[in-house]
Amino acid sequence: MQKKFNIEVDCANCAAKIENALNKMEGVNRASVSFMTQKLVLDADDERFSDILKDAVKTAKKIEPDFEIEL
């Protein structure tokens, strides 16, 4: 399942770090974080999507405490 979310991330470097971390997560097929458009595209396992999304937000907040996602 692929979904797009509006996010808030403060810098391009943080966005790149978050994208790299999300792509290493179990169950994530592909993640794309765009600083310019403030978008997250998350492609992950359908059955566990909500759990993966929660873990993705936790991971992003460890890298960038001001990270926000609009659900």
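Since the structure is predicted, the reported quantities are computational estimates derived from the model, not experimental observations.

Visitor: Describe in detail unusual backbone geometry, supporting the description with residues and values.
Guide: Residues other than glycine seldom take positive phi values, yet Gln38 does so here, at roughly 55 degrees. Among the structural elements, Gln38 can be located in the loop between strand E2 (28-34) and strand E3 (39-44). According to the relative accessible area criterion, Gln38 is partly exposed, its value standing at 21%.

Visitor: Tell me about the nonpolar core, and please be specific about residues and values.
Guide: It is characteristic of soluble globular proteins that their nonpolar side chains tend to be buried jointly. Residues Leu22, Leu40, Leu42 and Ile69 are the most contacted members of the largest nonpolar core, which totals 22 residues. Where this core is concerned, the elements lending two or more residues are strand E1 (2-8), helix H1 (12-23), E2, E3 and helix H2 (49-63). Leave out the neighbours within four places in its chain, and Leu22 touches Val28, Ala31, Val33, Leu40, Ala56 and Thr59.

Visitor: Break down the environment of Ala56 for me, with residues and values.
Guide: Positionally, Ala56 belongs in helix H2. On the basis of relative accessible area, Ala56 is assigned to the buried category, the value being 3%. Counting along the chain gives 34 residues from Ala56 to Leu22, while the straight-line C-alpha distance between them is 6.2 Å. With residues up to four places along the chain from it excluded, the contact list for Ala56 reads Leu22 and Met25.

Visitor: Can you explain the environment of Ala44? Please cite residues and give values.
Guide: By the element assignment, Ala44 lies in strand E3. Residue classification places Ala44 among the buried residues on the basis of a relative accessible area of 1%. For the pair Ala44 and Met25, spaced 19 residues apart in sequence, the C-alpha separation works out to 9.7 Å. Once residues within four sequence positions are removed from consideration, Ala44 is found in contact with Met1, Gly27, Val28, Asn29, Phe49 and Ile52.

Cut-off values and rules
- Residues numbered from 1 in each chain as written.
- Predicted model: local features only at pLDDT ≥ 70, side-chain atom pairs only at ≥ 80, totals over all residues.
- Heavy atoms only, no water.
- Helix = DSSP H or I, 4+ residues; strand = E, 2+ residues; numbered from the N terminus.
- Buried < 20%, exposed > 50% of the residue type's maximum accessible area, 1.4 Å probe, protein only.
- Core = buried A, V, L, I, M, F, W, Y, C linked by side-chain atoms within 4.5 Å.
- Contact = heavy atoms within 4.5 Å.

By themselves, these are just geometric observations and shouldn't be taken as functional.
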